[in-house]
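The residues making up each chain are set out below.
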Amino acid sequence: PALKDPRIGERRNALAAIELTADRTVASQLIEFMAQERQRWLNAPQEDRRGHLALIIRANAMLEGVSGIRSPLSTTSSANDVATALKRWTDWWQGEVRKMRP
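Residues numbered from 1 in each chain as written. Predicted model: local features only at pLDDT ≥ 70, side-chain atom pairs only at ≥ 80, totals over all residues. Heavy atoms only, no water.

1. Observations concerning helix H4 (residues 79-100)
For H4, which comprises 22 residues, the first-to-last C-alpha distance of 32 Å matches the rise-based estimate of 32 Å (1.5 Å per residue) to within 8%. Of the residues making up H4, those classed as buried are Val 82, Ala 85, Leu 86, Trp 89, Trp 92, Trp 93, Gly 95 and Glu 96. (Helix = DSSP H or I, 4+ residues; strand = E, 2+ residues; numbered from the N terminus. Expected span 1.5 Å × (residues − 1). Buried < 20%, exposed > 50% of the residue type's maximum accessible area, 1.4 Å probe, protein only.)

So this is what it looks like as structure tokens:
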């Protein structure tokens, strides 16, 4: 629930708590978080955008660790770069879900 908190500090703390034990069970939550944070980032005033992008980068790195797939984002990533990474994670997770089905 804290990943959806309207306060950026609470979302940052939630990511930090998840980061220590991140595994595939949190992948869908991280992808959803990235999508929501991307929207916040796009809608934020210019002076607030860096904090949102930092959370996106952190969630992306956690997904890299969980999946073993590289999907680099940085502080200079564009909205298009983030959208591409988000699509990559969504596609990856859909493939993982298909593997789990009998």
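Once the structure has been displayed, the description carries forward.
2. Section: the pattern of salt bridges
Counted by the stated rule, this structure contains nine salt bridges. A salt bridge links Asp 91 to Lys 87, with the nearest nitrogen and oxygen atoms 2.6 Å apart. Highlighted residues: Asp 91 and Lys 87, both in helix H4, separated by four residues, approximately one helical turn. Take Lys 87: its relative accessible area is 51%, and that puts it in the exposed class. (Salt bridge = Lys/Arg side-chain N within 4 Å of Asp/Glu carboxyl O.)

3. As for the nonpolar core
Leu 15, Met 34 and Leu 63 are the most contacted members of the largest nonpolar core, which totals 26 residues. The set of elements that each furnish at least two residues to this core consists of helix H1 (8-19), helix H2 (27-43), helix H3 (49-67) and H4. Top contributing element to this core by residue count: H3, with eight residues. In this structure, Leu 15 is in contact with Leu 3, Leu 30, Phe 33, Leu 55, Arg 58, Ala 59 and Met 62, ignoring residues within four places of it in sequence. (Core = buried A, V, L, I, M, F, W, Y, C linked by side-chain atoms within 4.5 Å. Contact = heavy atoms within 4.5 Å.)

4. Description of the packing of aromatic side chains
The final tally for this structure, using the stated rule, is two aromatic pairs. A centroid spacing of 5.9 Å and a plane angle of 85° characterise the contact between Trp 89 and Trp 92, whose relative ring orientation is edge-to-face. Of this pair, Trp 89 and Trp 92 both sit in helix H4, three residues apart, which is roughly one turn of the helix. The class for Trp 89 is buried, based on a relative accessible area of 0%. Ring plane angle 50° and centroid distance 5.6 Å describe the contact between Trp 92 and Trp 93, whose orientation is recorded as tilted. Counting every residue linked through ring pairs, the aromatic cluster contains Trp 89, Trp 92 and Trp 93. (Phe/Tyr/Trp six-rings, centres within 6.5 Å; stacked < 30°, edge-to-face > 60°.)

Structural measurements only, silent on function.
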